[in-house]
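Below are the chains, spelled out letter by letter.
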Amino acid sequence: MKIVSSSDWRDAIAFDVPVVVADVVPGEPTRCVGCGPDGELFDRTELWAVKHRHPKHHGGFVRFYCEAHKPAPAPAPAAAIPLKKPRASAPRAERRTASPKPTPVTDRPVRAMCPECFVEVSADGMCGMCGTQVV
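How each quantity is defined
- Residues numbered from 1 in each chain as written.
- Predicted model: local features only at pLDDT ≥ 70, side-chain atom pairs only at ≥ 80, totals over all residues.
- Heavy atoms only, no water.
- Helix = DSSP H or I, 4+ residues; strand = E, 2+ residues; numbered from the N terminus.
- Polar contact = N/O pair within 3.5 Å; in protein donor to acceptor, adjacent residues only side chain to side chain.
- Contact = heavy atoms within 4.5 Å.
- Buried < 20%, exposed > 50% of the residue type's maximum accessible area, 1.4 Å probe, protein only.
- Pairing = 2+ DSSP bridges.
- Salt bridge = Lys/Arg side-chain N within 4 Å of Asp/Glu carboxyl O.
- Phe/Tyr/Trp six-rings, centres within 6.5 Å; stacked < 30°, edge-to-face > 60°.
- Lys NZ or Arg CZ within 6 Å of the ring centre and 35° of its normal.

A. Seen up close, the side chain of His-52. Note on placement: His-52 falls in strand β2 (residues 48-52). A polar side-chain atom of His-52 sits 2.8 Å from a polar atom in the side chain of Tyr-65. In this view, His-52 contacts Phe-15, Asp-16, Gly-60, Phe-61, Arg-63, Tyr-65 and Pro-71; residues no more than four positions away in its chain are not counted.

Following this line, the structure appears as structure tokens:
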């Protein structure tokens, strides 16, 4: 069974980019997350929707912010800077021979098994689980 998340309006928003709320989801006036639950209601044209990354949910989560609490857009990722200069072609080391393969299971000695518990018994022939003596 494959479990996938359903598609909704939040999928259309890019991560960490402020977008006017009225452009993505119309509706009644609402509050800014930064102002708190007792803050004033803002028209959706005055609020910004920002989709944040979540460590356990790949779709992230969306919060609404007023102009005073709007987070700055995420900076563009820096270009990769090589830490070391590539070396001139160095002679390659000789390949090592492969180590010997382990002995296949079929070649190993057969050990005594308890007929009741199906566990391997110790050298004295006594099962550690049920106490049966195996000959």
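Still more ground to cover, so stick around.
B. Structural view of the pairing of β2. With four of its five residues buried, β2 lies for the most part within the structure. Relative to β2, strand β1 (residues 19-20) runs antiparallel, the two sharing two bridges. Each bridged residue has a counterpart across the sheet, and for Val-19 the counterpart in β2 is Ala-49. For β2 and strand β3 (residues 61-65), the ladder comprises five bridges, and the chain directions are antiparallel. Its bridge partner lying in β3, Val-50 is registered against Arg-63.

C. Region of the structure containing the pattern of salt bridges. All chains considered together, the criterion is met by one salt bridge. Of the charged contacts in the structure, one is a salt bridge between Glu-67 and Lys-70, with a shortest N-O distance of 3.8 Å. Residue classification places Glu-67 among the exposed residues on the basis of a relative accessible area of 52%.

D. View of unusual backbone geometry. Residue Asp-16 is not a glycine yet carries a positive backbone phi of 60°. Mapped onto the elements, Asp-16 comes out in the segment before β1. Residue classification places Asp-16 among the partly exposed positions, given a relative accessible area of 24%. A positive phi angle is found at Phe-118, which is not glycine, with a value near 60°. Position of Phe-118 relative to the elements: it lies in the segment after β3.

E. Representation of the packing of aromatic side chains. Under the defined criterion, the tally for this structure stands at one aromatic pair. Ring geometry for Trp-9 versus Phe-64: centroids 6.4 Å apart, planes at 40°, classification tilted. Of this pair, Trp-9 sits in the segment before β1 while Phe-64 sits in strand β3, and the two are 55 residues apart along the sequence. Under the relative-accessibility criterion, Phe-64 is labelled buried at 16%. Cation over ring: Lys-51 sits above Phe-15, and NZ or CZ is 4.6 Å from the ring centre. We note Lys-70 situated over the ring of Trp-48; from NZ or CZ to the ring centre the distance is 4.0 Å.

F. Highlighting the sheet that holds β2. An order of β1-β2-β3 is seen for the three strands of this open sheet, with the pairing classed as antiparallel. In this open sheet, the two edge strands, each paired with only one partner strand, are β1 and β3.

The values reported here are purely geometric and, on their own, carry no functional implication.
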